[in-house]
Amino acid sequence: MTGLLEIKQYLKIFYSKYDIYLLPFMKFLLAFSVFLAINGQIGFMERVASPAVSLLLALLCSFLPGNLIAVFGGILICAHAYALSLETFAVAAGILFIVYAVYFRVAPEHGYVLVLTPVAFFLQIPHVMPLVLGLVGGPICAVPLACGTVCYYLMYYLKNNEKMLSSSEAEKMSVKLMYLVENVLNNKNMLLTILVFAVTLMIVYVIRRMSLDYSWYVAICAGAVINVVLFLIGGLVMKASVSIGFVVLGTLVGLLIALIVEFFVLSVDYTRTEYTQFEDDEYYYYVKAVPKMSIAIADKKVKKINSRKRTTRKRR
């Protein structure tokens, strides 16, 4: 544990010294990963799907507000949808417009949640999002989480229906719009995922704010169990196709990542909990104080001794 605390302290010191460089670099990595993921999944327009385009857009996003990563990602999705057909572009643009309108109206300060959610789906670890956001975020994070889920399922549907959507037969053109809307917005798996993630996030958030000991650990475990149970029950009620093995394995991975996040964000020592009481003219206050785990890092200074000079002095 001491070694892990030293690593944590070193990381905090390093970040505090070089945050002016680390923040743009992390924004670049995030933007580059998002753009590569989009182009890798639905790279229908070859000119836009080039890695050079992703690199240039990521470099631009590293010096701009984080929300522009989501904006450029939406533009890429629309460009690839246009490469399939005009109807596909119209539906994709309409869905993204509604999603972004809700996001920018309700939670514009959580743009990283919106862009990280599709990436988590692509990495097959989407269940980590509600657990971690319940720990470090709040109920408002459910909105960008839902918006990111819609964006992922939109790309998933475009990828798996490329041939049908790119068909130019006249009799199919009138059917595409209804088919797209029905399969994207009325997708049972998508609706179930949004609902379960929102409930899991809220449960983790409520429990971790309680005054009980080890509340963060209890919140993570309770959220993991609730996530699995709700997917099982929701799959039966909504008659959605839910992979039990994927849900359980993904939740376990999410639980592990959430524990790592808890260590670096909180990491308190409940054995040294203190209780105090004070009052003013109107209220009595009962306070529970739990100290954070910390370790002092010794400032090591190496003094170099020139052996040649010492030898010369002795001879004299």
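None of the values given here were measured: they were computed from a predicted structure. (Residues numbered from 1 in each chain as written. Predicted model: local features only at pLDDT ≥ 70, side-chain atom pairs only at ≥ 80, totals over all residues. Heavy atoms only, no water.)

A. Representation of the nonpolar core within the structure. Core analysis: the largest hydrophobic core is formed by 77 residues, its most contacted members being Phe35, Ile77, Leu154 and Leu158. Top element by residues in this core is helix H7 (residues 142-160). It accounts for 10 residues. Discounting chain neighbours no more than four positions away, the residues touching Leu158 are Ile42, Phe44, Ile77, Ala81, Leu84, Thr88 and Leu165. (Core = buried A, V, L, I, M, F, W, Y, C linked by side-chain atoms within 4.5 Å. Buried < 20%, exposed > 50% of the residue type's maximum accessible area, 1.4 Å probe, protein only. Helix = DSSP H or I, 4+ residues; strand = E, 2+ residues; numbered from the N terminus. Contact = heavy atoms within 4.5 Å.)

B. Layout of a negative patch on the surface. On the surface, Glu279, Asp280, Asp281 and Glu282 cluster together into a patch of negative charge. Within the element layout of this structure, Glu279 appears in strand S1 (residues 274-279). Take Glu279: its relative accessible area is 51%, and that puts it in the exposed class. (Patch = residues over 30% accessible without salt bridge, like charges linked within 9 Å, V, L, I, M, F, W, Y side chains within 5 Å. Areas by Shrake-Rupley, 256 points an atom, 1.4 Å probe, with all protein chains shown as cover. Salt bridge = Lys/Arg side-chain N within 4 Å of Asp/Glu carboxyl O. Lys, Arg positive; Asp, Glu negative; His and termini not counted. Charge placed at Lys NZ, Arg CZ, Asp CG, Glu CD.)

C. Expanded view of the packing of aromatic side chains. According to the stated counting rule, one finds 16 aromatic pairs in the structure shown. When the centroid spacing of 5.2 Å and the interplanar angle of 75 degrees are considered together, the rings of Tyr152 and Tyr153 count as edge-to-face. In this structure, Tyr152 and Tyr153 share a single accessibility class: buried. Pairing Phe263 with Phe264 gives two aromatic rings, centres 5.2 Å apart and planes at 85 degrees, and the pair type is edge-to-face. In this structure Phe263 comes out as buried when scored by relative accessible area, which is 14%. On the basis of relative accessibility, which here comes to 39%, the residue Phe264 falls in the partly exposed class. (Phe/Tyr/Trp six-rings, centres within 6.5 Å; stacked < 30°, edge-to-face > 60°.)

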